[in-house]
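Architecture and fold: a report
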Amino acid sequence: MMSTVTQAYELAKQQFADIGVDTEKAMSLLATLPISMHCWQGDDVAGFEHQEGGLTGGIQATGNYPGKARTPQELRSDLELAFSLIPGAKRLNLHASYLESDTKVDRNEVKPQHFSHWVEWAKTNKLGLDFNPTYFSHPLSAEATLTHQNKEIRDFWIEHGKACRKISEYFGKELGTASVMNIWLPDGSKDLVVDKFAPRQRLVESLDEIISEKIDPKYHLDAVESKLFGIGVESYTAGSNEFYVAYAATRQTALCFDAGHFHPTESIADKISAAMPFIQHFLLHVSRPVRWDSDHVVLLDDETQAIASEIVRQKLFDRVHIGLDFFDASINRIAAWVIGTRNMQKALLKALLEPTEHLKTLEYNRDFTVRLALLEEQKSLPWQAVWAMFCERNGVPAGSQWLDDVKEYERKVLSQRG
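Predicted model only: the values in this text are computed from it and were never measured.

Reading the values: rules and limits
- Residues numbered from 1 in each chain as written.
- Predicted model: local features only at pLDDT ≥ 70, side-chain atom pairs only at ≥ 80, totals over all residues.
- Heavy atoms only, no water.
- UniProt positions renumbered as here; feature names shortened; annotations may be inferred.
- Helix = DSSP H or I, 4+ residues; strand = E, 2+ residues; numbered from the N terminus.
- Buried < 20%, exposed > 50% of the residue type's maximum accessible area, 1.4 Å probe, protein only.
- Polar contact = N/O pair within 3.5 Å; in protein donor to acceptor, adjacent residues only side chain to side chain.
- Contact = heavy atoms within 4.5 Å.
- Phe/Tyr/Trp six-rings, centres within 6.5 Å; stacked < 30°, edge-to-face > 60°.

UniProt records the feature "binding site: Mn(2+)" (unreviewed entry) at His261, Asp293 and Asp295, using the numbering of this structure. Annotated residues spanning 35 residues; largest pairwise C-alpha distance 9.8 Å, indicating a single compact cluster. Tracing the backbone shows histidine 261 in the loop between strand S8 (254-258) and helix H8 (268-275). For histidine 261, a relative accessible area of 5% corresponds to the buried category. A distance of 2.6 Å separates the side chain of histidine 261 from the backbone oxygen of serine 226, its partner in a polar contact. Among the structural elements, aspartate 295 can be located in the loop between strand S9 (282-286) and helix H9 (302-313). For aspartate 295, a relative accessible area of 7% gives the class buried. If we ignore the near neighbours within four places in the chain, the residues touching aspartate 295 are Ser287, Arg288, Asp325, Phe326 and Phe327. Looking at aspartate 295, its side chain comes within polar contact range of the side chain of serine 287, at 3.3 Å.

Here it is in structure tokens:
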């Protein structure tokens, strides 16, 4: 006798077949699209350097939910639980501040050996790793980093970027999948700036020096990320969207679009196709801004769906690298990972269940009436039944039953942390 999940799926399978969509093909493709989950949700972006002074650079994790990870071992344990409740392919995104060392290591001295435990853990869990230099929360980042007027300070951060590229390359070689290394820095100004060009010229020169050594893209990809503004840099950000679009296009790096780094009415989904003719690779930081870049947990909302639909409609599976970027300390941190990652996967599945080619044909034929009608009817089709089957085949709960595991872990593990 068929289970309830199987019965519902068979009915959904036929309904999607009626509009020309193969649900089996959609699930097979979804299983190959990894989401790079960010380590910094698990410990409120603290890292393991034990820097004095707390977070800087406009980074702010709000809330005091108990049980955050305090050590690499605790963070990896928390990640393992989250991964066990998420179907499909996954990756992990690390920051340089999550190094492991018995002695103090400054940012310009980080080496692959400081991430060897992460690599061995990734091998055990069959994960790819991505990477980020950490250009914030450091005594030498108080005023600026790669745009600083002081050459010695700029050189320190250039050395950090170069060191991080070697770590990223190490990840790629050890794990057999290219590591995407994303460069973001908070350099800017709180108030009016007279000379906006000079810091940007220094930034170009610094970035050029960082990426001057060629690394096989089979192991490592460089990405650059813009921002509209941040706390303390409300009036001017050197690394604006226009700056990095031009930089990525002329230097052939990947371009990172973060969903929270633009005006509230802007959509990064629309920006992807605008930059596609000029830029080969994109990195997405899927987040949820609430009035500003507040990094709330990703929802299955219109913006998330628009991002997923753009990836699928343009068949950007080999050009777009999907990562998450939020840090909510007001709720269970493991639940935040699970909610956000599963929502991104649900959005991708819904996009894969769209009769895209038929809709494009209608569009080319200027039949906008039928296009709109079918797009709206699509919203009522039983994609949830396909999601439930995808989860079942991957051995994870389809519905909210995963919360039982998180609550049990919270009772046994998180509650014991100081």
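With that out of the way, let us pick up the packing of aromatic side chains. What the rule picks out here adds up to 15 aromatic pairs. Centre to centre, the rings of phenylalanine 243 and tyrosine 247 are 6.3 Å apart; their planes meet at 10°, and the pair counts as stacked. Pair noted here: phenylalanine 243 and tyrosine 247 are both in helix H7 (residues 241-251), with a separation of four residues, about one helical turn. By the burial criterion, phenylalanine 243 is buried, and tyrosine 247 matches it. Following the ring pairs from residue to residue traces out a cluster consisting of Phe115, Phe131, Tyr170 and Phe171.

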